[in-house]
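Structure assessment
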Amino acid sequence: MNRTAPEATGLDPAVLRDQLFEPWNRKDLQTLHLLALQGFSKLSEPLEALLTILESCPGKQKSRSHTLGYHILMEFQTWMKDHSEVTLSSLSERQALELQRRALSLLTDTQPSFVESLIYIYHLSSLDPAILRLHIVKLQALNCYKEAAVLCIKFKLQKELNMEEICVPLILQDKLSLAESYVTGHNHLEQRLVTLLDSWCHPSFSVEEISKRFPRLSLSKHCMSQIQPKMLIKHIFRLVEKFSIEQGLCPNALHKRRLNSLRFLMYKRFVEKSMTEDNWSDHVQYVVADDLELQINLVEMLVKYCGLQKASQWSLRYNIPRYRLPCGVWETQQSLPPDLQQICLSDSAQTEEWTPSQFHCQKFYQVPLTKDKVHFVDTAEALQRCQHIVLKEGGIVGVDMEWQPTFGCISTQQVALIQLAVFDQVFLLDLCANGFCQHPDTISFIRSLFSERNVLKLGYGMTGDLKSLLATWHQFLEEPLKMEGVLDLLSIHQKIQSSKVNRTQNGPKEVMVGEDSAEKGLSLLVQQVIGKPLDKTEQMSNWEKRPLRISQIRYAVADAYCLLDVYSVLSSNPASFGLPADLRSISSSQSEKSGDKKQKEKQAKQKKQALGKEEFQGAQRVSPPRSDTEKDLLCGKKPSEDSPPLPPQQLRVVCDNMLQGLGRYLRCLGVDVVMLENTDDHRVAAKLAQAEGRVILTCGQPFQSLRSQVGEGRCLSLDCSEKARDQAVQVLKHFNVQPTPSDIFSRCQACNSDQYVAVPREDMVRMLKQKGFLQDQDNSDHTQQRSHQQEEEKLGDILTSSVTPELPRRSYT
C-alpha cells in the first residue's frame, strides 16, 4: 500500500515543534497548551511524530521539568485521554517495536514524569527484557549510573543484572539511598548490599581498587568522606534494622563498633572516672565477647591506661597467646602471685548495705522506703499482688524501665526491668526471669496498665521506653497499646526551663535553671524541684545480669519513685515553677503543638507537591526569595540587634563533623573555622574549644555533653536538616556577625587560611586534576586540543566564580 508522506496529509512534526517553541520561549504556557492540542490532532501518525519532535527538541532533559520536550510530552498525554484510538496496539508489531526502541533511547534522564509518561504511552514494560538490559548497559557505558538504576527499578530488572555493577557507582557518587531503593524488596540483594558495605569496612579495603573498575567516575572529597568506615557503619546498622538482617553478615562493621565501644568504656572508667569497676567489667566482657582481636585491643589499652598488672590479669583471663601480648605483659604474668592471677570482682550483690553512706545521703536524692517495701515480681502470683495495688482506681504510679546498654550494636534494646512506684512501695518486674516476660498474664497487665484512664502514669521521656516495649513485645506492633492517663514529666520540665523560674524547694539554696550544671534530664529536674540530683552511677549497668547489686536496685527504685515526689511538689505549688494549675494540660498542649507541627509539615509537603504539579503543567519554577534579614546578614548590612556588631574574623568556631558544609560556608564569609574530620570523636570539639577559646557548633545528641564541658554560651546547637546557608544565617544572627564585601572569600574553604599566593595556571591545572576537580572530557572522538581547551575553560570557571574585583586579597596568574 502506498502511504502518502505525512506532510502531504498531516501536519509536519518539525512545523509543530517550531510552532510550540515560540510560546514556550516566551513562557506563554497557555498558548502552548492550545497550540499543542490543536497540532496533535493534525498529525497523521501522532505516536511516531511525538518521538520525532522529542528527538529534535532543544536542550537535554536531565531531571529538568521546564524543557520544551517535557511540556510537549505532558500535553500529548493529556491529549491522548480524549483520543483513545491513538494507541500502540493499533500499529503492526514491527512498527510498534521500532517506536518502542526509539522511545527507549530517550530514557536517559531521571525526571519521573517524563520517564513514566514514555513508558506508559509506548508500553515499554512489555519489551523483551534482553532489549531493556542492553539499554541499561548502554547507560552504564555513558556513566549514567543513576539513570540506569532508576530504569532498573521501573522495569523490575534487579534479578536480571549484577547488583554491584549498578550499586557500587551509586555509592561512590553518594547515592546510597538510590542503591537502597534498588535492592528493597529483594532479600538476597538486601543482604548483598549490606555485605558489600561491610567489606568496605575491612582494614585492607582500598577505594582506589574499587574506583579502577569505574575509571570515568570522578570522586569528590565529599563522596570520599561518605565511604569512610565511620559513615559506612552507621548506614550498615541502619540497613540491618531496616531489612531485618542478621548482624553476623556484617562482621567488620560489628568489630569496629565494638572497638569504638571499648574505647568509650576505657574513657568512662579511667579518664572521666564515672563508671564503677563492676559496671566496667560487665560491659567490657559483653563488648569483647569471644573476639580475639578485641581481647588483644583490651590488653593493649589497659597497658596504656592503668599499667601492666591489670593488663596481665585480663590477658590471663582470655588466654591470649604470648606472641600477641604487648611488651612487658608476659613477664608481668610470670611475676604475679597466684592470688592476683585472676580478676577479683566484688560480690556487692550479697555484701552491700541497703542504706547508703552519709555522704551519699547528703549529696543525692534518697527514696524514703526501707528494703522490705521493694518487691521483685517474677511470677504470676507476685504479678497478681502487684496488679491489685498498682491498678487501684485513682492511683498515681511512677513508671521507669531499664535495659542492657549495647553501645549502638543494637538500635533498640529489649526491656530487662520495669519499675512501678506507688507512694508506699515499689514493684520491680523482672523480665529476665524464666518464662515471665512472655507469659500471657504479663502482657495483659502491661496493656491494662497503660490503657487504664483512672490511673495516672508518670514517666520522663517515655518515647524511648515505648520503643523498647515494642522491641520486647512484638504483639504490641500487631495490636498497639492504648495510652490513657499518661503524663510525661519531660514536657513539664521543658515548660519549667522555658519559663525561666529560678527556684526550688527544700534545698540549701536556689538551683538556677539554665546555669552551668553537670546534671541533665530527670536528674536535673529532681535537683531543680527537690534540691538534690539523682545518683546516676548505675545508669549504665548490665541490667540483664542476675542477681542485681544493691546499688542497682537502689538506683532503679529511685528513678521511678522520684517521679512521685516531683509530681507532688509541682502539684502543690505549680505557680512557683511557672506552671498552670492543671499539670496534665501541659502534656496535652505539647501534644497539640506536636500535632500542629506535623500538620504544618504535612501542609508544606502538600504545597510543595502542588507547586511541583503546577510546574509540570507549565508553571515557571521560581526560587523562594530570601528574607530581608537574611539578605542583610549575608550582604553585610547592619541587623537590628542592640548588641555590638562582630567582625567575622573575631568569631572563632569549631564545627562538629556533622556540620562540615556549614564550616565551609562560614569560611567563605571570613569566619575562623576548625572542622572535625569524620573520624574524630565529638569530644575533640570540646578540647579545641577549651584550648583555643572557640565556640562549638554542633547538632543532635552531642550538644548536651559538649555544652557541659565549655562555658555558658560557648556551644550552639543547629538543625542538621537545614541547608548550610540557612545554618550560616542562624549563626550570624546569634552572634551578630556582620560580614563586609571584603570578607567574602577571604578564607580558603579547604584549609581556613586567610593568606593567598599566586600560583601558575599550569600548576593549578595539575593540582585540580589530582584532587578530581578536573577530568578528561574526550571520552570518544574529541581531540586532545579540545580536551585541553575544556580544562582551561573549567579552570577559568573555578577561579573566576570565586573572585570579584572587590576582593584584593587574592591574586592568580
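Whatever comes next refers back to the structure up there.
Remember, it's a predicted structure, so these values are computed and weren't measured experimentally.

**Describing the sheet that holds strand β10 (residues 715-717)**
- Judged by pairing direction, the sheet is parallel, and its four strands sit side by side in the order β8-β7-β9-β10 without closing on themselves. Looking at strand neighbours, the two that pair on one side only are β8 (672-675) and β10, the edges of this open sheet. When the angles between neighbouring strand axes are averaged without regard to direction, this sheet yields 25°.
- Alignment of strand β7 (residues 652-655) against strand β9 (residues 695-698), held across three bridges, turns out to be parallel. Looking at β9, one finds that V653 is bridged to V695.
- Its contacts with the sheet put helix α32 (residues 660-668) on β7, β8 and β9, and the angle it makes with β8 is roughly 155°.

**Let's talk about the pattern of salt bridges**
- Per the counting criterion, the structure on display carries 27 salt bridges.
- One salt bridge connects R26 with D28, and the closest N-O pair in it is separated by 3.5 Å.
- D28 gets classed as partly exposed once you look at its relative accessible area, which sits at 25%.
- D282 is the salt-bridge partner of K545, the closest N and O atoms lying 3.1 Å from each other. Of this pair, K545 sits in the loop between α28 (521-530) and α29 (550-572) while D282 sits in helix α17 (residues 277-288), placing them 263 residues apart in sequence.
- What makes K545 partly exposed here is its relative accessible area of 38%.
- It is possible to trace a salt-bridge network through shared partners that takes in D282, E538, K545 and R549.

**A few points about the environment of L193**
- Mapped onto the secondary structure, L193 falls in helix α12 (residues 187-199).
- The buried category is assigned to L193, whose relative accessible area is 0%.
- Each residue touching L193, except ones within four places of it in the same chain, is listed here: M163, I171, A179, E180, V183 and L239.

**Focus: the pairing of strand β4 (residues 425-430)**
- With six of six residues buried, β4 is to be regarded as a mostly interior element.
- Going residue by residue along β4, you find Q425, F427 and L429 tucked away on one face and V426, L428 and D430 tucked away on the opposite face as well.
- When strand β1 (residues 374-377) meets β4, the two strands line up parallel, connected through four bridges. Its bridge partner being in β4, H375 is matched across the sheet by F427.

**Things to note about the sheet that holds strand β3 (residues 415-422)**
- What the six strands build is an open sheet, ordered β1-β4-β3-β2-β5-β6; its pairing is mixed. Edge positions in the sheet fall to β1 and β6 (486-488), since each has one partner strand and no second. Strand-to-strand twist of the sheet, defined as the mean angle between neighbouring strand axes without regard to direction, takes the value 25°.
- The strands that helix α23 (residues 380-390) touches are β1, β2 (396-403), β3 and β4; relative to β4, the one it contacts most, it runs at about 135°.
- Along the sheet, helix α25 (residues 462-472) makes contact with β2, β3, β5 (456-459) and β6, crossing β2 at roughly 65°.

**Details of helix α15 (residues 229-243)**
- Taking 1.5 Å as the rise per residue, α15 with 15 residues should run 21 Å; its terminal C-alpha atoms sit 20 Å apart, in good agreement.
- If you check which residues of α15 are buried, you get M231, L232, I233, I236, F237, L239, V240 and F243.
- Turning to α15, the residues buried within the fold contact α11 (176-183), α12, α14 (221-226) and α16 (251-271).
- Looking at the residues trailing α15, positive phi occurs at S244, about 55°.

**Thoughts on the packing of helix α4 (residues 46-56) against helix α5 (residues 68-80)**
- Their axes nearest at 10 Å, the elements α4 and α5 cross at an angle of 165°. By the criterion of interaxial angle, the relationship of α4 to α5 is roughly antiparallel. Crossing handedness for the pair α4 and α5: left-handed. Along its contact with α4, which presents P46, L47, L50, I53 and L54, the element α5 presents G69, I72, L73, F76 and W79.
- Tallied by class, residues from the contact of α4 with α5 come to nine nonpolar, one polar and no charged.

The rules behind the values
- Residues numbered from 1 in each chain as written.
- Predicted model: local features only at pLDDT ≥ 70, side-chain atom pairs only at ≥ 80, totals over all residues.
- Heavy atoms only, no water.
- Pairing = 2+ DSSP bridges.
- Helix = DSSP H or I, 4+ residues; strand = E, 2+ residues; numbered from the N terminus.
- Axes fitted to C-alpha atoms, helices over the stretch in contact; angles between N-to-C directions.
- Contact = heavy atoms within 4.5 Å.
- Salt bridge = Lys/Arg side-chain N within 4 Å of Asp/Glu carboxyl O.
- Buried < 20%, exposed > 50% of the residue type's maximum accessible area, 1.4 Å probe, protein only.
- Expected span 1.5 Å × (residues − 1).
- Parallel < 35°, antiparallel > 145°, perpendicular 65-115°, else oblique.
- Left-handed = near helix turned anticlockwise from the far one by under 90°.
- Nonpolar A, V, L, I, M, F, W, Y, C, P; charged D, E, K, R; others polar.

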